[in-house]
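Fold and geometry: a report
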Amino acid sequence: MRFQDIPGQQKVKQNLVNLVDSNRLSHALLFLGKEGSGALQLALAFAQYICCEKKSNGDSCGECPPCQKASQWIHPDIHFSFPTIVRESGDKPVANDFIVEWRNFITQTPFGNTYDWLQSIGAENKQGNITSHECEDILRKLNLKSFESGYKVLIQWMPEYLKDIGNKLLKLIEEPPPNTLLLFVAEDE
């Protein structure tokens, strides 16, 4: 996703571009916005901009191999975390178990909310959650070296679902590995 694909929010987009271009990028950013505000889309476009090889005119090129991978949500240095459900008793779900559904969801319902997401994965009456197993998987993934890009990027959608389990990520948030960027997309501060 490119910045030009997101309607409005010109000032926010320009501020994000300036962070990168002036080399003043913090290791963690919070994209805070109510449902339908485009916060997730901004985080996706920003991650693509970070990985782009041919940035121009304040946007990613959309044509280089990293942009092609990022726009299909398959870039090896862009990781996703989001609420999941237990499908079977004893199941220990992590986001990667739902990655195909996630890619379909953000492609088909770019401004969808958590209810839409949970229904798309068949949650019915189950409550979504970001589990301790997901936190361990995040720690494992982000302690690896980046594959193609200069950065490893984690886009965590709805960190509100972490609850107390999020304490496992505090050290990572405070002192991430080198060239790691954490993008938190939340509705409730």
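Read on for a plain summary of the structure. (Residues numbered from 1 in each chain as written. Predicted model: local features only at pLDDT ≥ 70, side-chain atom pairs only at ≥ 80, totals over all residues. Heavy atoms only, no water.)

Section: empty space enclosed by the protein
Applying the stated rule across the entire model yields 1 cavity of 30 Å³ or more. Its boundaries defined by the atoms lining it, the largest cavity holds a volume of some 140 Å³. Lining the largest cavity are 18 residues, and of these Gly36, Leu40, Gly112, Trp157 and Glu187 sit closest to its centre. Listed by contribution, the elements that provide at least two residues to the lining of the largest cavity are helix 2 (39-51) and strand 4 (180-186). For the lining of the largest cavity, the residue count by class is 8 nonpolar, 7 polar and 3 charged. (1 Å grid on protein atoms, 1.4 Å probe; cavity = no way out; pocket = protein on both sides within 12 Å on 5 of 7 lines; lining within 4 Å. Points joined across faces, edges and corners; volume = space filled by probe spheres on them. Helix = DSSP H or I, 4+ residues; strand = E, 2+ residues; numbered from the N terminus. Nonpolar A, V, L, I, M, F, W, Y, C, P; charged D, E, K, R; others polar.)

Some points on the nonpolar core
Counting residues in each nonpolar core, the largest one holds 54 residues, and the members touching the most others are Phe31, Phe46, Trp102, Ile155 and Leu183. Of all the elements, helix 2 adds the most residues to this core, at 11 residues. Residues contacting Phe31, with those up to four places away along its chain left out, are Leu16, Ala39, Leu42, Ala43, Phe46, Leu183, Phe184, Val185 and Ala186. (Core = buried A, V, L, I, M, F, W, Y, C linked by side-chain atoms within 4.5 Å. Buried < 20%, exposed > 50% of the residue type's maximum accessible area, 1.4 Å probe, protein only. Contact = heavy atoms within 4.5 Å.)

Looking at the pairing of strand 2 (residues 78-81)
Across the two faces of strand 2 the burial is the same, with Ile78 and Phe80 and His79 and Ser81 all buried. Bridge count between strand 2 and strand 3 (residues 152-157): 4 bridges; the pairing is parallel. Residue pairing across strands places His79 opposite Leu154, the latter belonging to strand 3. (Pairing = 2+ DSSP bridges.)

Section: the layout of surface pockets
By volume, the largest pocket is sized at about 180 Å³. As for the largest pocket, its lining consists of Leu30, Leu32, Gln156, Pro159, Glu160, Leu162, Ile173, Phe184, Ala186, Asp188 and Glu189. Of all the secondary-structure elements, those providing two or more residues to the lining of the largest pocket are strand 1 (28-32) and strand 4. Here the residues of the lining of the largest pocket sort into 7 nonpolar, 1 polar and 3 charged. Size it by volume and the second largest pocket reaches roughly 150 Å³. Together, Trp73, Ile74, His75, Pro76, Ile78, His79, Phe80, Asn96, Ile99, Arg103 and Lys141 line the second largest pocket.

So, the environment of Pro178
Mapping Pro178 onto the fold places it in the loop between helix 7 (170-174) and strand 4. In sequence terms Pro178 and Pro159 are 19 residues apart; their C-alpha atoms lie 22 Å from each other.

Considerations on unusual backbone geometry
The backbone of Trp73 shows a phi angle near 65°, a positive value even though the residue is not glycine. Here Trp73 lies in the loop between helix 3 (65-71) and strand 2. Here Asn179, not a glycine, exhibits a phi torsion of approximately 55°, which is positive. The exposure class of Asn179 is partly exposed, given its relative accessible area of 47%.

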